[in-house]
Amino acid sequence: MQLYALGLNHHTAPLAIRERVAFQPEHLQQALHGLAHADSVREAAILSTCNRTELYFAAEQPQRVADWLAHFHHVSLNEVSPYLYAYPQRDAIRHVFRVASGLDSMVIGEPQILGQVKDAARFAEQAGTLGVLLHKLFQSTFAVAKEVRSTTAIGANTVSMAAAAVHLTERIFGRVSDQHVLFIGAGEMIELCAAHFGGACPKSMTVANRTEERAQALASRFGARTLRIDQIGEALARFDVVVSCTAAPLPLVGLGMVERAVKARRHRPMVMVDLAVPRDIEPEIAELDDVFLYTVDDLAQVVEAGMESRQQAVVEAEQIIDSRVDGFLHWMAARGSVPTIRALREHAEALRQTELERALRLLAKGEEPQRVLDALSHGLTNKLMHGPTRFLNQADETRKAEAGRLVEQLFNLPSHG
């Protein structure tokens, strides 16, 4: 039985493909049962987020799992196979450790993924598909992620535009949890910003986009409201933070619109983040006393400041992970010896019982206890030594030296070679 990981993520597949193979929570138990009963699969867990769908499983042969994934989602395997990756045992263990530690995320070091991996383990346990191997794998994964976060600076610095937007907002307001946030656009950058701001638990989040269907899809993912893009002007005063990133050729938010909003807000400050190129927000707005407008260049400076220390943290984290992968593989190898160890102990116990029963019979007949104990110890020693002695005597000439070294190592004897 081997461990495997198979899936796709934001590195390998566009959103349109990721959406097609994502697992909805209400179908997860059915999927876990189906995967666990796929050809040769014995244990299974599924991690499904907006950025990745990954299957972790223990199996003898992994080939059929990609077929199962395509069949479950009613897609052609040819459509998704160019985006899939499949990792055998060592690589699979390393991959899970990296995912939970935030090294494989869109934002390196982001903490949300660890909770999502814990959810995947919990769902698998509830579904009864989490066996000994995956249970140990997840427990080790959580320990590795904790070690990475506590001993490196992997999550300490801002290294993405989205994280920088939150960081700059906190400079003005202290905390995001008291603010109302408006996102203009529904592309990947806005999606990432929504994830970051959502992690800070603002009072509300709203999505405005030209295509209402896309706005609704993004909003539903983060528990946000929606707003028609032509309603931004009249609603702007309600928002403390505005983050915009669209492909519009001309600004969507003009100076007059913001002046009216500031007046309606009675000059309470606003933070505006313009991630679009060309700009969505007129640059003259930066001159208003109560508006803090940040552009892509402003955020880039924050990101650059965090990159050097983050890169060193990644190196340190990778070293921790490599070491823990070796430790986990050692545990798996030791598990392979368990049946042999059990059989050896049972054999020794049978010999002990035979000699003990013989000694008890002799004592019952009135034999001298000292002589009985001496016979017991000699009999047990002779029987325990019979196997190794025969192994040495029966080894052919080409293997006698190797057999001798093996026995010396097994019984911790001084070497004679």
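Heads up: these notes are all about the structure in this document. (Residues numbered from 1 in each chain as written. Predicted model: local features only at pLDDT ≥ 70, side-chain atom pairs only at ≥ 80, totals over all residues. Heavy atoms only, no water.)

**Quick word on helix α15 (residues 400-410)**
Then comes step 1: Those residues of α15 lying buried are Ala-403, Val-407 and Glu-408. Taken down its axis, α15 places every buried residue within 135 degrees of arc, on the same side. Within α15, the exposed residues directed more than 90 degrees away from the buried face are Arg-405 and Gln-409.
Then comes step 2: For α15, the secondary structure elements touched by its buried residues are α14 (369-394). (Buried < 20%, exposed > 50% of the residue type's maximum accessible area, 1.4 Å probe, protein only. Helix = DSSP H or I, 4+ residues; strand = E, 2+ residues; numbered from the N terminus. Arc of directions from axis to C-beta. Contact = heavy atoms within 4.5 Å.)

**Some words on helix α10 (residues 212-222)**
In an α-helix, one turn spans 3.6 residues; hence positions three or four apart end up facing the same way.
Then comes step 1: Among the residues of α10, those classed as buried are Ala-215, Leu-218 and Ala-219. Along the axis of α10, the buried residues cluster in a sector spanning 100 degrees; they form a single face. Summarising the geometry of α10, the exposed residues directed more than 90 degrees from the buried face are Glu-213 and Ser-220.
Then comes step 2: Tucked into the core, α10 has its buried residues touching α9 (188-199), β6 (204-209) and β7 (225-228).
Then comes step 3: Gly-223 occupies a position one or two residues after α10 and carries a positive phi of about 65 degrees.

**Re the environment of Ala-121**
Then comes step 1: In this structure, Ala-121 sits in helix α6 (residues 112-127).
Then comes step 2: Separated by 50 residues in sequence, Ala-121 and Arg-171 place their C-alpha atoms 37 Å apart.
Then comes step 3: Sequence-distant contacts of Ala-121, that is, excluding residues within four places in its chain, are made with Leu-130, Phe-138 and Phe-142.

**Section: the pairing of strand β2 (residues 41-48)**
In the case of a regular strand, side chains alternate between the two sheet surfaces.
Then comes step 1: Burial of β2 is extensive: six of the eight residues sit out of reach of the surface.
Then comes step 2: Relative to strand β3 (residues 52-59), β2 is paired through seven bridges, and the arrangement is antiparallel. Residue pairing in the sheet places Ala-45 in a bridge with Tyr-56 of β3.
Then comes step 3: The loop that links β2 with its antiparallel partner β3 comprises three residues. (Pairing = 2+ DSSP bridges.)

**Describing the sheet that holds strand β9 (residues 270-274)**
Then comes step 1: Strand order in the open sheet formed by six strands is β7-β6-β5-β8-β9-β10, and the pairing between neighbours is parallel. With partners counted over all chains shown, the strands left at the sheet margins are β7 and β10 (291-295), one partner each. The average undirected angle you get between the axes of adjacent strands in this sheet is 20 degrees.
Then comes step 2: Of the pairings in the sheet, the one linking strand β5 (residues 180-184) to strand β8 (residues 241-244) comprises four bridges and is parallel in character. If you follow Ile-184 over to β8, its bridge partner there is Ser-244.
Then comes step 3: Across the face of the sheet, α9 comes into contact with β5, β6 and β8 while running at roughly 170 degrees to β5.
Then comes step 4: Along the sheet, α10 makes contact with β6 and β7, crossing β6 at roughly 160 degrees. (Axes fitted to C-alpha atoms, helices over the stretch in contact; angles between N-to-C directions.)

**Thoughts on the sheet that holds strand β1 (residues 2-9)**
Then comes step 1: If you walk across this open sheet you meet the four strands as β2-β3-β1-β4, and the pairing is antiparallel. If you trace the sheet from one side to the other, it starts and ends with β2 and β4 (85-87), each paired once. Strand-to-strand twist in this sheet, taken as the mean axis angle between neighbours without regard to direction, amounts to 15 degrees.
Then comes step 2: Note: β1 against β4, three bridges, orientation antiparallel. By the bridge assignment for β4, Gly-7 is matched with Tyr-85.
Then comes step 3: Strand contacts of helix α2 (residues 28-36): β2 and β3, with the helix running at about 145 degrees to β2, the strand carrying the most contacts.

**Remarks on the packing of α9 against α10**
Then comes step 1: At a closest axis distance of 10 Å, the pairing of α9 and α10 adopts a crossing angle of 20 degrees. As summarised for this structure, α9 and α10 are arranged roughly parallel, according to the angle between their axes. When you trace α9 past α10, the crossing you get is right-handed. Contacts between α9 and α10 involve Ile-190, Glu-191, Ala-194 and Ala-195 on the former and, on the latter, Leu-218, Arg-221 and Phe-222.
Then comes step 2: In terms of residue class, the contact of α9 with α10 is made up of five nonpolar, no polar and two charged. (Parallel < 35°, antiparallel > 145°, perpendicular 65-115°, else oblique. Left-handed = near helix turned anticlockwise from the far one by under 90°. Nonpolar A, V, L, I, M, F, W, Y, C, P; charged D, E, K, R; others polar.)

**Some remarks on the side chain of Arg-265**
Then comes step 1: Its location among the elements puts Arg-265 in the loop between α12 (255-264) and β9.
Then comes step 2: You can call Arg-265 buried: its relative accessible area is 3%.
Then comes step 3: Here the side chain of Arg-265 touches Phe-239 through a polar contact of 3.0 Å, landing on its backbone oxygen.
Then comes step 4: Filtering out sequence-adjacent residues up to four positions away, Arg-265 remains in contact with Ala-237, Arg-238, Phe-239, Asp-240 and Met-270. (Polar contact = N/O pair within 3.5 Å; in protein donor to acceptor, adjacent residues only side chain to side chain.)

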